[in-house]
Amino acid sequence: MKKTILFFVMLLLLGGTAFAQRGLNTYPVFRGKVVPTERMVTTEVRGGGMATYKLDYYRGISFRADTATALKVAALVAADAETAVSCETEKDGALLIYALITLQPDRKINRYLCYQARPEGFIWKITILYLEGSATLEDLHSMFEKQEVDKK
């Protein structure tokens with residue numbers, strides 16, 4: 001009996017984070033409704049491994065898209081930015097190429113949506129991250145700056 005109750009509690013806890021992006025305009029992108037999941041690289045991490053970054057949950061997707069699809073994805077990200085607590089964006093002409101969006105907190109848990117689109121010839125390499133945890137916007141800036149320095 002105790003095992004059954006424990007199983008259902010775990011299922012509820014895991015189920016909540018599995019659909020954490022629900023309610024966002026970008027939710028269909030994460031679900032493979034804009035770009036098929038077979039063409040995406042998906043990374044999902046929960047728990048202790050993210051503690052160093054002050055995060056409880058990380059979900060990242062990346063894929064390559066033509067300009068029409070890139071514009072569609074960028075419009076969905078821009079729609080999420082409109083309802084955000086704060087956002088930083090950068091455009092290349094009409095196309096959104098960078099966004100760091102602070103979403104409404106969920107039960108005092110900070111939530112962020114990060115987006116980057118880089119041209120690779122006639123194709124766009126798009127990366128979208130959904131993050132939850134106690135990390136502040138300053139923490140994310142520091143983390144992203146360190147990654148840029150490490151890449152050089």
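Residues numbered from 1 in each chain as written. Predicted model: local features only at pLDDT ≥ 70, side-chain atom pairs only at ≥ 80, totals over all residues. Heavy atoms only, no water.

J.: Sorry if this is basic, but what is going on with the nonpolar core here?
T.: Note that soluble globular proteins tend to have their nonpolar side chains buried in a common cluster. By size, the foremost hydrophobic cluster in this structure holds 30 residues, and its most contacted members are Val-29, Phe-63, Val-73, Ile-101, Tyr-115, Ile-126 and Ile-128. At the level of secondary structure, the elements contributing two or more residues to this core comprise helix 2 (27-30), strand 2 (55-65), helix 3 (67-82), strand 4 (95-106), strand 5 (109-120) and strand 6 (123-133). Leaving out residues up to four positions away in the same chain, Ile-128 has contacts with Val-29, Phe-30, Arg-59, Gly-60, Ile-61, Val-73, Leu-113, Cys-114 and Tyr-115. Grouped together as the second largest cluster of nonpolar side chains are eleven residues, Met-50, Leu-55, Tyr-112 and Leu-140 included. (Core = buried A, V, L, I, M, F, W, Y, C linked by side-chain atoms within 4.5 Å. Buried < 20%, exposed > 50% of the residue type's maximum accessible area, 1.4 Å probe, protein only. Helix = DSSP H or I, 4+ residues; strand = E, 2+ residues; numbered from the N terminus. Contact = heavy atoms within 4.5 Å.)

J.: What is the right way to look at the side chain of Lys-125 in this model?
T.: Turning to its location among the elements, Lys-125 is positioned in strand 6. Buried within the structure, Lys-125 lacks any salt-bridge partner; its nearest side chain of opposite charge belongs to Glu-120, at an N-O separation of 6.0 Å. Filtering out sequence-adjacent residues up to four positions away, Lys-125 remains in contact with Ser-62, Phe-63, Arg-64, Gln-116, Ala-117, Arg-118 and Glu-120. (Lys, Arg positive; Asp, Glu negative; His and termini not counted. Salt bridge = Lys/Arg side-chain N within 4 Å of Asp/Glu carboxyl O.)

J.: Is there a simple way to explain the pattern of salt bridges in this structure?
T.: If charged atoms from side chains of opposite charge come close, those side chains can pair. With the rule as written, the count across this model stands at four salt bridges. The residue Arg-46 makes a salt bridge to Glu-44 at a minimum N-O spacing of 3.0 Å. On the basis of relative accessible area, Glu-44 is assigned to the partly exposed category, the value being 37%. With a shortest N-O distance of 3.5 Å, Asp-139 and Lys-54 are connected by a salt bridge. Residue Asp-139 is located in helix 4 (residues 137-151), and its partner Lys-54 is located in the loop between strand 1 (41-46) and strand 2; the two are separated by 85 residues in the primary sequence. When its relative accessible area of 42% is taken as the criterion, Lys-54 is described as partly exposed.

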